[in-house]
Amino acid sequence: MSKVEQALILDPSTELRFKGPFDKVVTTQLKLANPTDKRICFKVKTTVPKHYCVRPNNGIIDPQDSLVVSIMLQPLAHDPSDKTTKHKFMVQSVYPPSDMSSGDVWKAVNSASVMDSKLKCVFEPVSQNANKDENTHAVVTQGPAKEKVEDSPQQQNIPQPISTNTSIPADSAHEVEPKITVDKTKRTMDERYPDAAKAA
């Protein structure tokens, strides 16, 4: 049995594109247009329902009318563009009887009369050109910085020990200070308790 051709016009027609970063909700839109002279009942389905929120995910489109479906990708712990992730959507549609609501249609529908269209998801990571520009800028600014550091001791004629003395005590202070405190405490105890010092 041949498949019933989709009556709805989908825009985009074959793929849904999501632009990163993917640590927050990313929304894309799907337009459904009904070019016929009949009402069409539709339903949007996905292979990974936990990752998406679709509004509206079903309804009826009047003749010569259209609507926009918002598809929201929920925040992901990983970048889907780095994985072999295959998220897919399907738009099913059918001509409903005039006296049925969209919810009742899908309960009584004949599967042979259902029209469907499949769309794959495409994930676009953060622009790599921006990262390249930032890296290039970092390299350009890093060169002069090194030159200034090398030239500065000669230009200022500041003796090197000054900067060395500033850093050494800061590192060794935490090690030396406790020993001094212990020595002072021991001398104080020896003076106050000479017997205890001899016993020790």
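Residues numbered from 1 in each chain as written. Predicted model: local features only at pLDDT ≥ 70, side-chain atom pairs only at ≥ 80, totals over all residues. Heavy atoms only, no water.

A. Molecular detail of the overall build of the chain. Across its full length, the chain carries 4 helices and 9 strands. Going from the N terminus to the C terminus, the chain shows its helices and strands as β-β-β-β-β-β-β-β-α-β-α-α-α. When burial is assessed residue by residue, the chain has 23% of its 200 residues classed as buried. Considering only intrachain contacts with a sequence separation of at least 6, the fraction spanning at least 24 residues in the chain is 71%. Surface summary for the chain: the accessible area is close to 14,400 Å², and the carbon and sulfur share equals 52%. (Helix = DSSP H or I, 4+ residues; strand = E, 2+ residues; numbered from the N terminus. Buried < 20%, exposed > 50% of the residue type's maximum accessible area, 1.4 Å probe, protein only. Contact = heavy atoms within 4.5 Å. Areas by Shrake-Rupley, 256 points an atom, 1.4 Å probe, with all protein chains shown as cover.)

B. Structural view of the sheet that holds strand β2 (residues 15–19). In spatial order, the strands read β2-β9-β8-β4-β6; together these 5 strands make up an open sheet with mixed pairing. Bordering the open sheet on either side are β2 and β6 (58–61), each of which pairs with just one other strand. The mean inter-strand angle of the sheet, taken between neighbouring strand axes irrespective of direction, is 25 degrees. Across 4 bridges, the pairing between strand β4 (residues 40–46) and β6 is antiparallel. (Pairing = 2+ DSSP bridges. Axes fitted to C-alpha atoms, helices over the stretch in contact; angles between N-to-C directions.)

C. Summary view of the environment of Pro96. Position of Pro96 relative to the elements: it lies in the loop between β8 (88–94) and α1 (102–108). Residues Pro96 and Lys38 lie 58 residues apart in sequence; the distance between their C-alpha atoms is 8.8 Å. Residues within four places of Pro96 in sequence aside, it is in contact with Arg39, Ile40, Cys41 and Val105.

D. Inspection of the sheet that holds strand β7 (residues 65–73) at higher detail. The strand order across the open sheet formed by 4 strands is β1-β3-β7-β5, and the pairing between neighbours is antiparallel. Strands at the two margins of the open sheet, each flanked by one partner only, are β1 (9–11) and β5 (52–55). For this sheet, the mean inter-axis angle between neighbouring strands, taken without regard to orientation, is 20 degrees. Pairing of strand β3 (residues 26–34) with β7 involves 9 bridges; the strand directions are antiparallel. Opposite Lys31, over in β7, you have Val68 as the bridge partner.

E. Structural context of the confidence of the model for the chain. When pLDDT is averaged across the chain, the result is 74; 59% of the residues are at 70 or more. Of the regions scoring below 50 in pLDDT, residues 136–156 engages in 2 contacts with residues more than four places distant in sequence or in other chains. Across residues 162–182, confidence stays below pLDDT 50; counting only partners more than four residues off in sequence or on other chains, it has 2 contacts. (pLDDT = per-residue confidence, 0-100.)

F. Quick look at unusual backbone geometry. For the bond from Gly20 to Pro21, the omega torsion is 10 degrees, close enough to zero to count as cis. Here Pro21 lies in the loop between β2 and β3. Here the amide bond leading from Arg55 into Pro56 is cis, since omega sits at -10 degrees, within 30 degrees of zero. Phi is positive for Gln64, close to 60 degrees, though the residue is something other than glycine. Mapping Gln64 onto the fold places it in the loop between β6 and β7.

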